[in-house]
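Coordinate analysis (summary)
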Amino acid sequence: MSNKIVDAIKGKAKSIEGEMSFFDHLEVLRWHLIRAAVAVIIFGGLAFYFFDDIWNTIIMGPKTPSFATYRFMCWLGQQLHSDSMCITSIPGKIQNTEMAGQFSLQINAALIIGITCGFPYLLWEIWSFVKPALLEKERKAASGFVFFASALFFSGVLFGYFVVAPLSIHFLTNYQISPDIENIFTIDSYVTSVATLTLVSGVVFQLPIVIFVLATIGLVTDKFMREKRRYAIIIILIVAMLVTPTPDVTTMLVISMPLFGLYEISIGVAKRVVKRKQKKELEFYGKA
């Protein structure tokens, strides 16, 4: 009877210790998230302070014919002797329909910019939280995570901002089912479209990181990805068609080419992970 009581007390002590450990981890995670939030607020505050320049040069950039993408398309059209590629006007009026709309817009836009600029630091805080729980080999395998994930994210953001967003805006502002209907957009609709197309591209460019994780836990292999390449091509073309709703095949291919490249890079990433796992297995069984 006394042994059972002692065992029960020991079990309760272990349970309390486990609960304390769990709450300790929550406390650590809370501080990581707080520091990440502070970084986002700082970047957002700077964006709010310099909002006039950001608004005119960045946010409203794809709405002006002098935007870098449109100038490049005009130059390319001249080289190819095609006047249809030159964009000289972006029709459609933008208006505000709410009393506090412009103030809310400035706060929301500054917050989005803060999250975008603070993305690398957010990844760093997440990595700092996860790193102590990893083995030494796992840490080495995942070294450079913050750098590569940030580089892919900003590459996607630039691609979305300079390619996807302007092409989509040009198509949508020019699209009319009847000449009697005038295109007048709310400012929220315009900013949401630019932000969504830009940030979604940044997230899509994280594909190699996602494949690295899936390959590490054994859910995906390079052989599997090669076998499913034809389905991936169809999915990529569908995504490109949805992201840039234009009947122009050339534009759809321009959007889809980087996605094809990302898929091929992901195959290489999966192949490297699989080879590393096979090497470890050979070393383990060789020693055994």
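Summarised in this report is the structure supplied together with it.

**Quick word on the overall build of the chain**
Along its length, the chain carries 12 helices and two strands. Looking at the 288 residues of the chain, the share that counts as buried comes to 31%. Summarising the internal contacts of the chain: among those between residues at least 6 apart in sequence, 80% fall at separations of at least 24.

**Some details on the nonpolar core**
Counting 43 residues, the largest nonpolar core has Ile59, Phe159, Tyr190, Val191, Met225, Ile255 and Tyr263 as the members making the most contacts within it. Mapped by element, the contributors of at least two residues to this core are α2 (51-59), α3 (68-79), α4 (101-117), α7 (145-174), α8 (187-204), α9 (207-216), α11 (229-243) and α12 (249-287). When neighbours within four sequence positions are excluded, Phe159 is seen to be in contact with Val164, Phe205, Val254, Ile255 and Pro258.

**Brief notes about the environment of Leu214**
Within the secondary structure, Leu214 sits in helix α9. A relative accessible area of 27% places Leu214 in the partly exposed class. When the C-alpha atoms of Leu214 and Ala270 are compared, they prove to be 8.4 Å apart, with 56 residues separating the residues in sequence. Non-local contacts of Leu214, meaning those with residues more than four positions away in its chain, are made with Leu219 and Val220.

**Side note on the state of the cysteines**
Per the stated rule, a full pass over the model turns up one disulfide. Residue pairing for Cys74: its cysteine sulfur links by disulfide to Cys86, the two sulfurs lying 2.0 Å apart. Looking along the S-S bond of the Cys74-Cys86 disulfide, the torsion reads about 85 degrees, which is the right-handed sense. Placement of Cys74 in helix α3 and of Cys86 in the loop between α3 and β1 (93-95) is noted, with a sequence separation of 12 residues between them. With relative accessibility at 31%, the residue Cys86 sits in the partly exposed group.

**A short note on the packing of α7 against α8**
Orientation of α7 relative to α8, taken along the N-to-C sense of each, is 140 degrees, at an axis distance of 6 Å. Considering their axes alone, α7 and α8 lie oblique with respect to each other. The interaxial crossing formed by α7 with α8 has right-handed handedness. Between α7 and α8, the residues in contact are Leu152, Phe153, Gly156, Val157, Gly160, Tyr161, Val164, Ala165, Ser168 and Ile169 and Tyr190, Val194, Leu197, Thr198, Leu199, Ser201, Gly202 and Val203, respectively. When grouped by side-chain class, the residues that make up the contact of α7 with α8 number 12 nonpolar, six polar and no charged.

**Side note on the packing of aromatic side chains**
Aromatic rings in a pair are described by how distant their centres are and how their planes are angled relative to each other. This structure, assessed with the given rule, holds 13 aromatic pairs. Measuring from ring centre to ring centre gives 5.5 Å for Phe153 and Phe154, while their planes differ by 70 degrees; the resulting arrangement is edge-to-face. Since its relative accessible area comes to 6%, Phe153 is described here as buried. Judged by relative accessible area, which is 31%, Phe154 ranks as partly exposed. Through pairs of rings, three or more aromatic residues link up here, namely Phe67, Tyr70, Tyr161 and Phe162.

**Side note on α8**
Taking 1.5 Å as the rise per residue, α8 with 18 residues should run 26 Å; its terminal C-alpha atoms sit 26 Å apart, in good agreement. For α8, the full list of buried residues reads Ile187, Tyr190, Val191, Val194, Ala195, Leu197, Thr198, Ser201 and Gly202. Buried residues of α8 fall within an arc of 160 degrees about the axis and therefore sit on the same side.

**Let's talk about the pattern of salt bridges**
Following the criterion strictly, the structure yields five salt bridges and no others. Between Arg35 and Glu125 there is a salt bridge, with its nearest N and O atoms 3.3 Å apart. With Arg35 in helix α1 (residues 2-49) and Glu125 in helix α5 (residues 119-130), this residue pair connects regions lying 90 residues apart in the sequence.

**Focus on the side chain of Asp222**
Positionally, Asp222 belongs in helix α10 (residues 222-227). In this view, Asp222 contacts Ile267, Ala270, Lys271 and Val274; residues no more than four positions away in its chain are not counted.

Thresholds applied
Residues numbered from 1 in each chain as written. Predicted model: local features only at pLDDT ≥ 70, side-chain atom pairs only at ≥ 80, totals over all residues. Heavy atoms only, no water. Helix = DSSP H or I, 4+ residues; strand = E, 2+ residues; numbered from the N terminus. Buried < 20%, exposed > 50% of the residue type's maximum accessible area, 1.4 Å probe, protein only. Contact = heavy atoms within 4.5 Å. Core = buried A, V, L, I, M, F, W, Y, C linked by side-chain atoms within 4.5 Å. Disulfide = S-S within 2.5 Å. Axes fitted to C-alpha atoms, helices over the stretch in contact; angles between N-to-C directions. Parallel < 35°, antiparallel > 145°, perpendicular 65-115°, else oblique. Left-handed = near helix turned anticlockwise from the far one by under 90°. Nonpolar A, V, L, I, M, F, W, Y, C, P; charged D, E, K, R; others polar. Phe/Tyr/Trp six-rings, centres within 6.5 Å; stacked < 30°, edge-to-face > 60°. Expected span 1.5 Å × (residues − 1). Arc of directions from axis to C-beta. Salt bridge = Lys/Arg side-chain N within 4 Å of Asp/Glu carboxyl O.

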